[in-house]
Amino acid sequence: MALFIKALIGALVVILIAMLSKTRSYYLAGLIPLFPTFALIAHYIVGSERSVEALRTTLIFGLWAVIPYIVYLISLYLLVGSMKLPYALLSAVGCWALAAWLLIALWGRWHS
């Protein structure tokens, strides 16, 4: 039953995104996926199982983790005019993966 409820919530979010994309405020469809659902779960788990300092470190890393998303958005913005959409999306995800890998590697060096 819990899996069904989660699937239903996911479907409702997709419907909300689709509905928003058809309105004059279509750009709001880009905000909905950024609701911090998983961040709330992660912060609760870290905050309840580890120290306050560990939670603060997780929060700081979360701030830095925005960089790969910005790389994704900028690369997609630049690529969408010169490629078919599926290729532009795939390339932008590749840019995100590279930026995320670089962030993790650098974070590991500075905080180990």
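Preceding this section is the structure that the text describes.
This section reports on the structure supplied with the text. Here the structure is a predicted model, which means the values were calculated and not measured. (Residues numbered from 1 in each chain as written. Predicted model: local features only at pLDDT ≥ 70, side-chain atom pairs only at ≥ 80, totals over all residues. Heavy atoms only, no water.)

### Overview of the overall build of the protein
Then, number 1: Across its full length, the protein holds five helices and zero strands.
Then, number 2: Secondary structure elements of the protein, listed N to C terminal, follow the sequence α-α-α-α-α.
Then, number 3: Its C-alpha atoms give the protein a radius of gyration of 17 Å, clearly above 13 Å, the size a compact globule of 112 residues would have.
Then, number 4: A principal-axis box enclosing the C-alpha atoms of the protein has dimensions of 45 × 40 × 25 Å.
Then, number 5: Counting the 112 residues in the protein, one finds 13% classified as buried.
Then, number 6: By sequence separation, contacts in the protein at least 24 residues apart represent 38% of the contacts at least 6 residues apart. (Helix = DSSP H or I, 4+ residues; strand = E, 2+ residues; numbered from the N terminus. Rg over C-alpha atoms; globule rule 2.2 N^0.38 Å. Buried < 20%, exposed > 50% of the residue type's maximum accessible area, 1.4 Å probe, protein only. Contact = heavy atoms within 4.5 Å.)

### Re the environment of L76
Then, number 1: Turning to its location among the elements, L76 is positioned in helix α4 (residues 66–79).
Then, number 2: The exposure class of L76 is buried, given its relative accessible area of 16%.
Then, number 3: Through-space distance from the C-alpha of L76 to that of A92 is 5.2 Å; in sequence the pair is 16 residues apart.
Then, number 4: When sequence neighbours within four positions are dropped, the list of residues in contact with L76 reads A88, L89 and A92.

### Remarks on the packing of helix α2 (residues 37–49) against helix α3 (residues 52–64)
A pair of packed helices is characterised by two quantities: the angle between their axes and the separation of those axes.
Then, number 1: As a packed pair, α2 and α3 sit with axes 8 Å apart at the nearest point and diverge in direction by 155°. As far as their axial angle goes, α3 and α2 are roughly antiparallel. Along the contact surface, α2 presents H43, V46 and G47, while α3 presents A54, L55, T58 and L59.
Then, number 2: The class makeup of the residues in the contact of α2 with α3 is four nonpolar, three polar and no charged. (Axes fitted to C-alpha atoms, helices over the stretch in contact; angles between N-to-C directions. Parallel < 35°, antiparallel > 145°, perpendicular 65-115°, else oblique. Nonpolar A, V, L, I, M, F, W, Y, C, P; charged D, E, K, R; others polar.)

### A few points about the nonpolar core
Then, number 1: Within the largest apolar cluster, five residues are counted, these being Y72, L76, L79, A88 and A92.
Then, number 2: When contributions to this core are tallied by element, the ones reaching two or more residues are α4 and α5 (85–110).
Then, number 3: Sorting elements by how many residues they give to this core places α4 first, with three residues. (Core = buried A, V, L, I, M, F, W, Y, C linked by side-chain atoms within 4.5 Å.)

### Some thoughts on the packing of α3 against α4
Then, number 1: α4 packs onto α3 with a crossing angle of 15° between their chain directions and a minimal axis gap of 4 Å. Regarding the angle of α3 to α4, the classification is roughly parallel. Where α3 approaches α4, its residues G62, L63 and W64 are matched on the opposing element by V66, I67 and P68.
Then, number 2: Looking at the contact of α3 with α4 residue by residue, the class counts come to five nonpolar, one polar and no charged.

### As for the packing of aromatic side chains
Then, number 1: Tallied over the entire structure, the rule returns three aromatic pairs.
Then, number 2: Ring geometry for F61 versus W107: centroids 5.0 Å apart, planes at 75°, classification edge-to-face. Here the residue F61 occupies a position in helix α3, and W107 occupies one in helix α5, the gap between them amounting to 46 residues.
Then, number 3: Taking relative accessible area as the criterion, F61 reaches 25% and is therefore assigned partly exposed.
Then, number 4: We classify W107 as buried; its relative accessible area is 16%. (Phe/Tyr/Trp six-rings, centres within 6.5 Å; stacked < 30°, edge-to-face > 60°.)

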